[in-house]
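Residue-level listing of the chains:
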Amino acid sequence: MAELVSISRDGDVAVLTIDNPPVNALGHTMRIALAAALDGAVADPAAKGIVIAAAGRMFSGGVDIHEFNAPARFPTLPDLIAKVEASPKPVVAALHGIAYGGALELSLACHGRVAAPDAKLGLPEVKIGLIPGAGGTQRLPRAIGPLKALQVIVAGEPLAAPDALAAGLVSAVGADVVAEAKALARKLAAGPRPLPLLRNDDSKLAPVKADRTAFDAAVADVAKKARGLTAPVECAKAVAMTLELPIDEGLKRERATFDALTKDAQSLGLRHHFFAEREATKPGALPAGTEPHAVARAAVIGAGTMGGGIAMCFANAGIPVTLVDTGDEALKRGLATIERNYATTVKRGRLSETEMAARMARITPTTDIGAVADADIVIEAVFEEMDLKKRVFAELDRLARPDAVLATNTSYLDVDAIAATTKRPGSVLGTHFFSPANVMRLLEVVRGKATRPDVLATAMALGRKLGKVPVPVGVCHGFVGNRMLHARAIEAEPLLLEGALPQDIDGALTAFGFPMGPFAMGDMAGLDVGWRIRKATGEQAEIADALCEKGRFGQKTGRGFYIYEAGSRTPTPDPEVEALIAETAARRGVTRRKIGADEIIERLLYPLVSEGAQILDEGIARRPGDIDVVWVYGYGFPAWRGGPMYWADQVGLGHIRDRLLHYAERNPALKPSPLLSRLADEGRGFASLDGVEKAA
Ligand code: NAD
């Protein structure tokens with residue numbers, strides 16, 4: 001096995017270089033190697049100072065998250081950190097690329113820190129439901145002040161090198177970071193004793209101890225915005241300990257909280273989500289030698305809601321894009337929307353005028369579809385009509401380069417049927433963006449029967465380049481996300497008739513952790529969309545249809561399932577809707593009763609889980625974790641519950657099956673899917689299917 005830590009000496013400085021690709025994880029064996037290297041450097045009479053650096057593209061991603069599930073093994077990270085602090089020779093961390101979590105905590109125990117210009121330094125533990133557990137909450141406040149530390153730790157977002165320098169987290173930024181670190185080590189070695197350590201430096205705490213007003217307000221704000229999440233609140237409490245307790249007591253309590261949180265259900269859910277996302281966004285086993293095509297130029301057909309947003313994604317990622325629509329009016333409208341969106345971002349201070357101009361300049365509007373001829377990928381986002389899409393693809397087949405990828409943004413339609421209108425079905429697939437396309441992270445990559453592996457690989461790689469979370473799915477009506485959304489809606493109207501109000505149902509889902517419930521969502525999207533579809537298909541949703549007959553289309557008309565004050569997006573319950581529901585129930589002879597949140601959750605989410613199982617069984621999704629990722633990123637399923645399939649495992653599939661059987665006595669559409677029933681019979685969960693990859 002290659003050395004995990006290589007040791008070299010440059011004159012009077014020993015350089016310990018961590019080398020454990022791909023992310024230099026500080027796992028158990030690495031900690032043993034680093035502890036031994038430190039001992040060696042301390043014992044080396046020729047070394048006056050010590051530098052800890054790293055090989056590869058980053059300093060270190062931190063401790064291996066899998067370790068949190070296992071008992072602690074000596075040396076733990078706090079053990080290693082204690083060894084650094086006890087060193088009689090100055091230890092300097094040379095940080096480049098990423099230094100996250102435990103890696104940053106290790107550096108905070110060093111006598112000095114320097115960073116490369118590309119360095120990103122952060123404590124992202126909160127994102128997996130934890131607090132930093134190796135001194136981060138006690139030492140970072142001493143480095144950059146408690147208020148700033150609170151913000152950094154609660155957000156879990158890294159500081160870039162210039163910000164880290166300005167905040168005092170590092171003392172220098174330089175391109176040759178190891179040279180900078182050696183210089184600092186020499187300076188410290190020649191300087192006074194005791195060596196500087198953050199644990200002994202309370203200078204940045206003092207002013208806040210003297211006046212806690214702003215800090216306490218920030219802590220209160222964290223609690224207010226936590227929306228049921230434990231970790232941000234615990235992070236804030238831990239930072240506050242720096243103002244109240246000696247550091248050793250603070251470290252002890254921090255570790256105790258960290259240990260407790262590793263077993264917390266929220267953290268387990270978030271860790272599932274973290275790993276599920278990593279797996280879901282891989283294209284999967286593709287034939288050897290499959291390479292994604294380079295995408296240097298794109299074209300988008302249709303400058304409407306989605307086309308405009310997709311064009312923005314390309315422009316944001318630095319890829320020039322041609323935006324095609326049928327008429328000047330449509331193009332003008334589309335561009336005006338894009339411009340307005342960018343202008344809002346500029347106004348919020350998150351984009352410069354210059355950058356906005358650069359992005360706008362990357363978008364070339366045209367009514368000439370022939371302009372697709374130089375695109376590496378064409379994404380179609382015209383109206384959701386099969387005949388129209390077929391006509392567009394026949395034209396793309398004629399006009400696009402032979403090696404171009406041809407993608408449709410359809411929400412429901414059969415990608416194979418669209419592909420079949422071309423002479424190159426292998427080049428066709430679905431790229432299902434979510435609205436607003438420039439904001440939402442989920443991208444369902446719909447693999448058709450004929451889609452070639454290199455075409456799938458191209459869409460997956462492009463999705464990541466656009467900052468999306470691309471998840472491969474198979475062809476069916478609505479793919480993974482929208483098909484399950486339909487299942488969630490089966491019981492929504494019956495619940496209204498039986499006694500629940502829109503605000504009860506939406507309230508149960510927001511209490512569960514969704515950002516909004518189905519009725520507020522319907523009002524936002526426009527109730528007329530579904531109404532028109534139902535008219536065409538003969539389906540019915542009695543209450544929603546009645547609202548649409550009255551011209552209540554949702555937010556855009558100021559009324560839908562709720563009332564909206566002029567210019568407001570806040571739903572207010574409407575007695576008129578309540579009366580309409582009551583009348584409809586009376587006409588149908590339904591006796592209304594009080595319905596609790598538990599029943600609402602069961603009747604909305606168990607059918608959704610069952611549909612997810614059916615989707616797995618059909619191979620439309622490759623694994624339960626992929627479905628979880630789709631629902632967290634596309635539909636706001638709370639990440640701390642892991643996603644619907646993970647959540648179902650926690651509830652117990654046997655219970656879900658039994659409840660669905662109970663509800664199915666009244667509505668056979670709620671019968672549990674065969675896979676759900678089989679797993680329940682066998683006492684298994686969806687997790688037992690992981691690794692059993694299906695085709696998608
Ligand atoms: P939209 O009505 O806002 O825009 C469609 C645009 O396509 C219009 O500007 C129209 O002029 C243009 N168009 C029509 N025929 C054309 C042609 N032959 N050539 C060029 N342009 C043409 O529609 P949208 O909401 O952006 O939806 C577009 C697609 O994205 C649909 O397939 C829809 O199902 C899908 N989708 C929509 C959403 C959403 O929330 N709106 C979400 C995901 C996917």
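Quick summary incoming for the structure in this document. (Residues numbered from 1 in each chain as written. Predicted model: local features only at pLDDT ≥ 70, side-chain atom pairs only at ≥ 80, totals over all residues. Heavy atoms only, no water.)

A look at the overall build of the protein chain
And step 1. Secondary structure assignment for the protein chain yields 30 helices and 17 strands.
And step 2. The C-alpha radius of gyration computed for the protein chain amounts to 28 Å, which stays within 12% of the reference 26 Å derived for 696 residues, consistent with globular compactness.
And step 3. Along the longest, intermediate and shortest principal axes, the C-alpha atoms of the protein chain span 90 × 60 × 55 Å.
And step 4. By residue count, 53% of the 696 residues in the protein chain fall in the buried class.
And step 5. The long-range fraction of contacts in the protein chain, counting pairs at least 24 apart against all pairs at least 6 apart in sequence, stands at 73%.
And step 6. When the accessible surface of the protein chain is summed, it comes to about 29,200 Å², and 56% of that surface belongs to carbon and sulfur atoms. (Helix = DSSP H or I, 4+ residues; strand = E, 2+ residues; numbered from the N terminus. Rg over C-alpha atoms; globule rule 2.2 N^0.38 Å. Buried < 20%, exposed > 50% of the residue type's maximum accessible area, 1.4 Å probe, protein only. Contact = heavy atoms within 4.5 Å. Areas by Shrake-Rupley, 256 points an atom, 1.4 Å probe, with all protein chains shown as cover.)

A closer look at the pairing of strand β4 (residues 91–95)
And step 1. Counting buried residues along β4, five of its five residues qualify, which places the element largely inside the surrounding structure.
And step 2. Burial along β4 is two-sided: the residues V91, A93 and L95 and V92 and A94 are all buried.
And step 3. One ladder, built from three bridges, connects strand β3 (residues 49–54) with β4; its direction is parallel. Bridged to I50 within β4 is V91.
And step 4. The β-α-β motif built from β3, the intervening helix α2 (residues 77–86) and the parallel element β4 has right-handed crossover chirality.
And step 5. Pairing analysis gives four bridges linking β4 to strand β6 (residues 112–115), with the strands arranged parallel. Residue pairing for β6: A93 is matched across the bridge by R113. (Pairing = 2+ DSSP bridges. Right-handed = clockwise from strand over helix to strand, strands pointing away.)

Some points on the packing of aromatic side chains
And step 1. In the structure shown here, the tally under the stated rule is 13 aromatic pairs.
And step 2. A ring pair is formed by F512 and F637, whose centres lie 5.5 Å apart and whose planes are at 75 degrees; its orientation type is edge-to-face. Note that F512 is positioned in helix α21 (residues 502–512) and F637 in the loop between α27 (624–635) and α28 (644–651), a separation of 125 residues in sequence.
And step 3. When the centroid spacing of 5.2 Å and the interplanar angle of 90 degrees are considered together, the rings of F512 and W647 count as edge-to-face. With F512 in helix α21 and W647 in helix α28, the pair connects residues that are 135 residues apart, well separated along the chain. Assigned by exposure class, F512 and W647 land together as buried.
And step 4. Members of the aromatic cluster, each reached through a chain of ring pairs, are F434, F512, F514, Y606, W631, Y635, F637 and W647. (Phe/Tyr/Trp six-rings, centres within 6.5 Å; stacked < 30°, edge-to-face > 60°.)

Some details on the sheet that holds strand β12 (residues 363–366)
And step 1. If you walk across this open sheet you meet the eight strands as β12-β11-β10-β13-β14-β15-β16-β17, and the pairing is mixed. The two strands at the open ends of the sheet, each matched to only one other strand, are β12 and β17 (469–474). Shown here is a sheet whose adjacent strand axes are inclined to one another by a mean of 25 degrees, direction ignored.
And step 2. Here four bridges tie strand β10 (residues 298–301) to strand β11 (residues 321–324), and the two strands are oriented parallel to one another. Bridging from a neighbouring strand, V300 pairs with L323 of β11. (Axes fitted to C-alpha atoms, helices over the stretch in contact; angles between N-to-C directions.)

Concerning the sheet that holds strand β5 (residues 98–100)
And step 1. Strands sit in the order β5-β7-β8 across an open sheet of three strands; the sheet is mixed. Two strands bound the open sheet, and with one partner strand each, they are β5 and β8 (159–160).
And step 2. Pairing of β5 with strand β7 (residues 120–122), which is carried by three bridges, proceeds in the parallel orientation. Across the sheet, residue A99 finds its bridge partner in β7, namely L121.

Here we look at the site of the ligand
And step 1. With respect to spatial proximity, 23 residues lie near the ligand, and among them M306, D325, E384, K389 and S411 are the closest.
And step 2. G304 places a main-chain nitrogen or oxygen 3.5 Å from an oxygen atom of the ligand.
And step 3. Contacts to the ligand include T305, whose backbone N or O atom sits 2.9 Å from an oxygen atom.
And step 4. Protein chains shield 77% of the accessible area of the ligand, which is 830 Å² for the free molecule.
And step 5. Sorting the residues of the shell around the ligand by element identifies α13 (305–316), α16 (386–399) and β15 (428–433) as the ones contributing at least two each.
And step 6. Of the residues that constitute the shell around the ligand, the class distribution is eleven nonpolar, nine polar and three charged. (Near = heavy atom within 4 Å. Polar contact = N/O pair within 3.5 Å; in protein donor to acceptor, adjacent residues only side chain to side chain. Nonpolar A, V, L, I, M, F, W, Y, C, P; charged D, E, K, R; others polar.)

A word on empty space enclosed by the protein
And step 1. Applying the stated rule across the entire model yields one cavity of 30 Å³ or more.
And step 2. Each pocket or cavity is described by its volume, and for the largest cavity that value is around 40 Å³.
And step 3. Around the largest cavity sit L501, P502, Q503, F561, P573, D574, V577 and E578, which together line it.
And step 4. Taken together, the elements giving at least two residues each to the lining of the largest cavity come down to α21 and α25 (575–587). (1 Å grid on protein atoms, 1.4 Å probe; cavity = no way out; pocket = protein on both sides within 12 Å on 5 of 7 lines; lining within 4 Å. Points joined across faces, edges and corners; volume = space filled by probe spheres on them.)

Points about the nonpolar core
And step 1. Among the nonpolar cores identified, the biggest contains 77 residues, and V480, F561, L605, W631 and F686 are the most heavily contacted of them.
And step 2. Ranked by residue count, the leading element in this core is helix α26 (residues 597–617), at ten residues.
And step 3. Sequence-distant contacts of V480, defined by excluding residues within four places in its chain, comprise E444, V473, I615, I620, A621, I627, V630 and W631.
And step 4. If you look at the next biggest cluster of nonpolar residues, it comprises 72 residues, including A41, L108, L150 and A218. (Core = buried A, V, L, I, M, F, W, Y, C linked by side-chain atoms within 4.5 Å.)

Comments concerning the environment of T305
And step 1. Note that T305 resides in helix α13.
And step 2. The exposed category is assigned to T305, whose relative accessible area is 66%.
And step 3. Residues T305 and S610, spaced 305 residues apart in sequence, show a C-alpha to C-alpha distance of 32 Å.

Focus: the environment of E498
And step 1. Along the chain, E498 falls in helix α20 (residues 492–498).
And step 2. In the structure, E498 is positioned 33 residues away from W531 in sequence and 22 Å away in space, judged by C-alpha atoms.
And step 3. Those residues within four positions of E498 in sequence are excluded, and the remaining contacts are V590, T591, R592, R593, I595, E599, R603 and R666.

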